[in-house]
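Remarks on the overall topology
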Amino acid sequence: MSFADRLKAARKEKNMLQQELAEASGVAYRTIQNWESGSRRPSNFAKVELVAAALGVSTSELLDDNESFIAEAGEKYGSKGAKDAEGLLMEMRALFTNGEMKDDDMDAFMRALQETYWEIKEHNKQKFDPNKNIKPRASKKQ
């Protein structure tokens, strides 16, 4: 079941309309619509937390591990981070589709891969921070 399906089912379980969920969570109505239609995926984990709280469910009931990973990447690194994370997961899915790796081994590999991804992203963020080595300009004398 997809995030869109789980979200819609949880909302219907609470007998809420999309507009009511938007008001209760503080998340835009259009965002709720896009998520439920599947036209967009969450790229902001904080918004998913707000929606989950309004529905009285945990975020893990709405997001699977991959969706959580993408949302966390979006939260930390913006839309590019979310797209990168999604691309990485698609490549891994292709790698594992025809493989013979056991489920436990695949889970361990993915956890290690995700940890490495976050470490490298943080390293690159610090390494390429455009404001890191900027010295203040000396004021001009008049």
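Our subject is the structure listed above.
Remember, predicted model here, so these are calculated numbers, not experimental data. (Residues numbered from 1 in each chain as written. Predicted model: local features only at pLDDT ≥ 70, side-chain atom pairs only at ≥ 80, totals over all residues. Heavy atoms only, no water.)

**Looking at the side chain of Ser68**
Relative to the elements of secondary structure, Ser68 occurs in helix H6 (residues 65–97). Residues contacting Ser68, with those up to four places away along its chain left out, are Phe45 and Leu63. (Helix = DSSP H or I, 4+ residues; strand = E, 2+ residues; numbered from the N terminus. Contact = heavy atoms within 4.5 Å.)

**Overview of helix H2 (residues 18–25)**
Within H2, burial applies to Gln18, Leu21, Ala22 and Ser25. Viewed along the axis of H2, the buried residues span an arc of 100 degrees, placing them on a single side of the element. The elements touched by buried residues of H2 are helix H1 (3–13), helix H3 (29–37) and helix H4 (45–55). Where H2 terminates, the next one or two residues include Gly26, which has phi positive at roughly 80 degrees. (Buried < 20%, exposed > 50% of the residue type's maximum accessible area, 1.4 Å probe, protein only. Arc of directions from axis to C-beta.)

**Overview of the nonpolar core**
In this structure, Leu7, Leu21, Val51, Leu55 and Leu62 are the most contacted members of the largest nonpolar core, which totals 17 residues. Not counting residues within four places of it along the chain, the set of residues in contact with Leu55 comprises Leu7, Ala10, Arg11, Lys14, Met16 and Leu21. Counting 14 residues, the second largest nonpolar core, distinct from the first, contains Ile70, Ala82, Met92 and Phe96. (Core = buried A, V, L, I, M, F, W, Y, C linked by side-chain atoms within 4.5 Å.)

**Details of the pattern of salt bridges**
For the structure on display, the rule yields 4 salt bridges. Across the pair Arg11 and Glu36 runs a salt bridge whose closest N-O atoms are separated by 2.5 Å. Here Glu36 lies in helix H3 and Arg11 lies in helix H1, a separation of 25 residues in the sequence. Note on accessibility: Arg11 and Glu36 belong to one class, buried. Of the charged contacts, one joins Glu86 and Arg41 as a salt bridge, the two residues approaching to 2.6 Å between their closest N and O atoms. Highlighted residues: Glu86 in helix H6 and Arg41 in the loop between H3 and H4, separated in sequence by 45 residues. Among the residues examined, Arg41 registers a relative accessible area of 52% and is labelled exposed. (Salt bridge = Lys/Arg side-chain N within 4 Å of Asp/Glu carboxyl O.)

**Looking at the side chain of Gln18**
Turning to its location among the elements, Gln18 is positioned in helix H2. Within the local environment of Gln18, its side chain forms a polar contact with the side chain of Glu36, the two groups lying 2.9 Å apart. Apart from residues lying up to four places away in sequence, Gln18 is in contact with Arg11, Tyr29, Ile32, Gln33 and Glu36. (Polar contact = N/O pair within 3.5 Å; in protein donor to acceptor, adjacent residues only side chain to side chain.)

**Side note on the environment of Ala46**
For Ala46, the position within the fold is in helix H4. In this structure the C-alpha to C-alpha distance between Ala46 and Thr59, which are 13 residues apart in sequence, comes to 9.9 Å.

**Quick notes on the packing of aromatic side chains**
In total, this model carries 5 aromatic pairs according to the counting rule given. Relative to Trp118, the ring of Tyr77 has its centre 5.7 Å away and its plane inclined at 20 degrees; by these criteria the two rings are stacked. Placement of Tyr77 in helix H6 and of Trp118 in helix H7 (residues 103–127) is noted, with a sequence separation of 41 residues between them. Overall, the relative accessible area of 17% leaves Tyr77 in the buried class. Relative accessible area serves as the criterion here: at 14%, Trp118 is assigned to the buried category. Here the aromatic residues Phe69, Tyr77, Tyr117 and Trp118 are joined through ring pairs into a cluster of three or more. The ring of Trp118 carries the charged tip of Lys76 above its face, separated from the ring centre by 4.6 Å. (Phe/Tyr/Trp six-rings, centres within 6.5 Å; stacked < 30°, edge-to-face > 60°. Lys NZ or Arg CZ within 6 Å of the ring centre and 35° of its normal.)

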